[in-house]
Amino acid sequence: MENTLERRDNIGPVADMPSAVSAAFSTYWRRSPASFLWWVLSAAILSSWIPERVFAASDFIRVASIVAGSAACGWMWLLTRALFSKTAPVTPGTLAAVGTVLVLEASARLTHGLGLTGFQGELVRIIANTEPVACISMVAMVFAA
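If you're wondering where the values come from, they're calculated on a predicted model, not measured in any experiment.

Reading the values: rules and limits
- Residues numbered from 1 in each chain as written.
- Predicted model: local features only at pLDDT ≥ 70, side-chain atom pairs only at ≥ 80, totals over all residues.
- Heavy atoms only, no water.
- Disulfide = S-S within 2.5 Å.
- Helix = DSSP H or I, 4+ residues; strand = E, 2+ residues; numbered from the N terminus.
- Buried < 20%, exposed > 50% of the residue type's maximum accessible area, 1.4 Å probe, protein only.
- Contact = heavy atoms within 4.5 Å.
- Expected span 1.5 Å × (residues − 1).
- Patch = residues over 30% accessible without salt bridge, like charges linked within 9 Å, V, L, I, M, F, W, Y side chains within 5 Å.
- Areas by Shrake-Rupley, 256 points an atom, 1.4 Å probe, with all protein chains shown as cover.
- Salt bridge = Lys/Arg side-chain N within 4 Å of Asp/Glu carboxyl O.

## Some words on the state of the cysteines
For step 1, the next point in the chain: Applying the stated criterion across every chain, the model contains one disulfide.
For step 2, the next point in the chain: The partner cysteine of C73 in its disulfide is C135, sulfur to sulfur 2.1 Å. Between C73 and C135, the S-S torsion sits near -135 degrees, and that sign places the bridge as left-handed. Of this pair, C73 sits in helix α4 (residues 72–84) while C135 sits in helix α6 (residues 118–141); the two residues are 62 residues apart in sequence, bridging distant segments of the chain. Here the two residues C73 and C135 agree in accessibility, since each one is buried.

## Section: the environment of A108
For step 1, the next point in the chain: Structurally, A108 can be placed in helix α5 (residues 92–111).
For step 2, the next point in the chain: Judged by relative accessible area, which is 11%, A108 ranks as buried.
For step 3, the next point in the chain: Each C-alpha atom of the pair A108 and N129 lies 8.5 Å from the other, and the pair is 21 residues apart in sequence.
For step 4, the next point in the chain: For A108, the contacting residues outside a window of four places in its chain are I127, A128 and E131.

## Focus on α6
For step 1, the next point in the chain: The end-to-end C-alpha separation of α6 is 35 Å, in line with the 34 Å expected for 24 residues at 1.5 Å each.
For step 2, the next point in the chain: Contact partners of the buried residues in α6: α4 and α5.

## Here we look at unusual backbone geometry
For step 1, the next point in the chain: Phi angles above zero are rare outside glycine, and A71 is one such case at about 65 degrees.
For step 2, the next point in the chain: Structurally, the position occupied by A71 is in the loop between α3 (59–68) and α4.
For step 3, the next point in the chain: Overall, A71 belongs to the buried group, its relative accessible area being 0%.

## Observations concerning a nonpolar patch on the surface
For step 1, the next point in the chain: A surface patch of nonpolar side chains, about 280 Å² in accessible area, is lined by L46, W49 and V54.
For step 2, the next point in the chain: For V54, a relative accessible area of 38% corresponds to the partly exposed category.

This is the structure:
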């Protein structure tokens, strides 16, 4: 089977955009993981503030800021690991833990106040009750050995 994907050289610098972004990311990450995680934590805190304090121009901006602002406690945990842990601060397992908290927190914030009943209402209630436990667990893991 012939490869149907071919590179189009006529699109100029846009063709190299993903590689330029990944090169900048990897350079910045190698230089200082703690600094990178600090900026991610700061962006998450700022994004969580936006939908509550600033009028959102569209639903897309509101949803994007809720998702981006989720899991600040997880990013704080990774930042403390980067600052104080002798082991690797970011592994696939730690990213999975932060991703889980991000999904729980974003789901809880996006489904809050929908007025669902029956099974959907119970599922929303369970997610809403699980989210603070997961976030507090991430904060408690800051002090774990």
